[in-house]
Amino acid sequence: MTDTETSTTGAVPAASHYERIGGAASVKAAVELFYKRVLADPDLAPYFGDTDMEQQRRHMVLMLTTVLGGPNNYAGRSLPEAHKPLHIPDEHYDKVGAHLVGTLTELGVPADILGAVQDILAQVRDQVVSDGNRVGV
Ligand code: HEM
């Protein structure tokens, strides 16, 4: 048995992905690095032209915390509400996903947690991408 599984007595609960990567400080570091990468990407930066990046980072920290099994304090908009008006094509979704996975890889996140994040990226794609032209293009 690994130290991440629940013990047979049930006395030691399994650590969440959130706890295993180092909790709040690690998620905050990951989100900062992630948006640095996104804003340095000329295909993606224009989406964030009118966005308050402080607030954006706060929302993403809370969302990633929840996704990784930490405390659920996310109170932002739903993924479709936030993204459908942006008309994001699959190719830009793929780039954002690659930046997220690349960031987590760079920070040394274990492979099983990376796999779980990739599964979630596949599950929520339809809530984020949409057909049609990008606003302003
Ligand atoms: C799994 C993928 C994604 C997740 C989990 C995610 C998460 C979030 C969250 C939590 C917010 C804040 C919502 C709020 O303010 O209430 C947000 C907003 C935003 N996202 Fe994403 N996002 C994803 C993919 C993308 C992609 C692919 C793009 C662009 C290519 C993008 C562009 C934006 C922009 C521009 C905003 C801010 C909209 C505004 O300023 O009103 N997101 N996203």
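Everything here concerns the structure above.
Residues numbered from 1 in each chain as written. Predicted model: local features only at pLDDT ≥ 70, side-chain atom pairs only at ≥ 80, totals over all residues.

### Considerations on the overall build of the protein
Stage number 1. When helices and strands are counted, the protein shows six helices and zero strands.
Stage number 2. Put simply, the protein runs from its N terminus to its C terminus through helices and strands in the order α-α-α-α-α-α.
Stage number 3. The burial tally for the protein puts 13% of its 137 residues in the buried class. (Helix = DSSP H or I, 4+ residues; strand = E, 2+ residues; numbered from the N terminus. Buried ≥ 20, exposed ≤ 12 C-beta atoms within 10 Å, placed from the backbone.)

### What about the site of the ligand?
Stage number 1. In the vicinity of the ligand lie 20 residues, with Thr51, Gly76, Arg77, Ala82 and Val96 positioned nearest.
Stage number 2. A per-element tally of the shell around the ligand places helix α3 (residues 53-67) first, with four residues.
Stage number 3. Here the residues of the shell around the ligand are counted per class, giving 13 nonpolar, six polar and one charged. (Near = placed C-beta within 6 Å. Nonpolar A, V, L, I, M, F, W, Y, C, P; charged D, E, K, R; others polar.)

### Points about the nonpolar core
Stage number 1. Grouped together as the largest cluster of nonpolar side chains are 14 residues, with contacts concentrated most on Val27, Ala30, Val31, Phe34, Val61 and Leu64.
Stage number 2. Listing elements by their share of this core, those giving two or more residues are α1 (17-21), α2 (23-39), α3 and α5 (90-106).
Stage number 3. Ranked by residue count, the leading element in this core is α2, at five residues.
Stage number 4. Among all residues touching Phe34, those that are not within four sequence positions of it are His99, Leu100 and Thr103. (Core = buried A, V, L, I, M, F, W, Y, C linked by C-beta atoms within 7 Å. Contact = placed C-beta atoms within 7 Å.)

### Digging into the packing of α5 against helix α6 (residues 111-128)
Stage number 1. Across the interface, α5 lies against α6 with an axial gap of 11 Å and an inter-helix angle of 160 degrees. Taken together, the axes of α5 and α6 lie roughly antiparallel to each other. Crossing of α5 over α6 shows right-handed handedness. The residues of α6 that touch α5, namely those facing Tyr93, Gly97, Leu100, Val101, Leu104 and Thr105, are Leu114, Val117, Gln118, Leu121, Arg125 and Val128.
Stage number 2. Residues that form the contact of α5 with α6 fall into these classes: eight nonpolar, three polar and one charged. (Axes fitted to C-alpha atoms, helices over the stretch in contact; angles between N-to-C directions. Parallel < 35°, antiparallel > 145°, perpendicular 65-115°, else oblique. Left-handed = near helix turned anticlockwise from the far one by under 90°.)

### Here's the deal with unusual backbone geometry
Stage number 1. For His87, which is not glycine, the phi torsion reads 50 degrees and is therefore positive.
Stage number 2. With respect to the secondary-structure elements, His87 resides in the loop between α4 (79-83) and α5.
Stage number 3. In this structure His87 comes out as partly exposed when scored by C-beta crowding, with 17 C-beta atoms within 10 Å.

### Examining the environment of Asp94
Stage number 1. By secondary structure assignment, the location of Asp94 is in helix α5.
Stage number 2. Separated by 66 residues in the primary sequence, Asp94 and Lys28 place their C-alpha atoms 22 Å from one another.

### What about α2?
Stage number 1. Here α2 contains 17 residues, and its C-alpha end-to-end distance of 25 Å stays within 8% of the 24 Å for a straight helix at 1.5 Å per residue.
Stage number 2. Here α2 has its buried residues at Val27, Ala30, Val31, Phe34 and Val38. Each buried residue of α2 lies within a common arc of 100 degrees when the element is viewed along its axis, so the set occupies one face. Exposed residues lying more than 90 degrees from the buried face of α2 are Ala25 and Lys36.
Stage number 3. Where α2 is buried, its residues touch α3 and α5. (Expected span 1.5 Å × (residues − 1). Arc of directions from axis to C-beta.)

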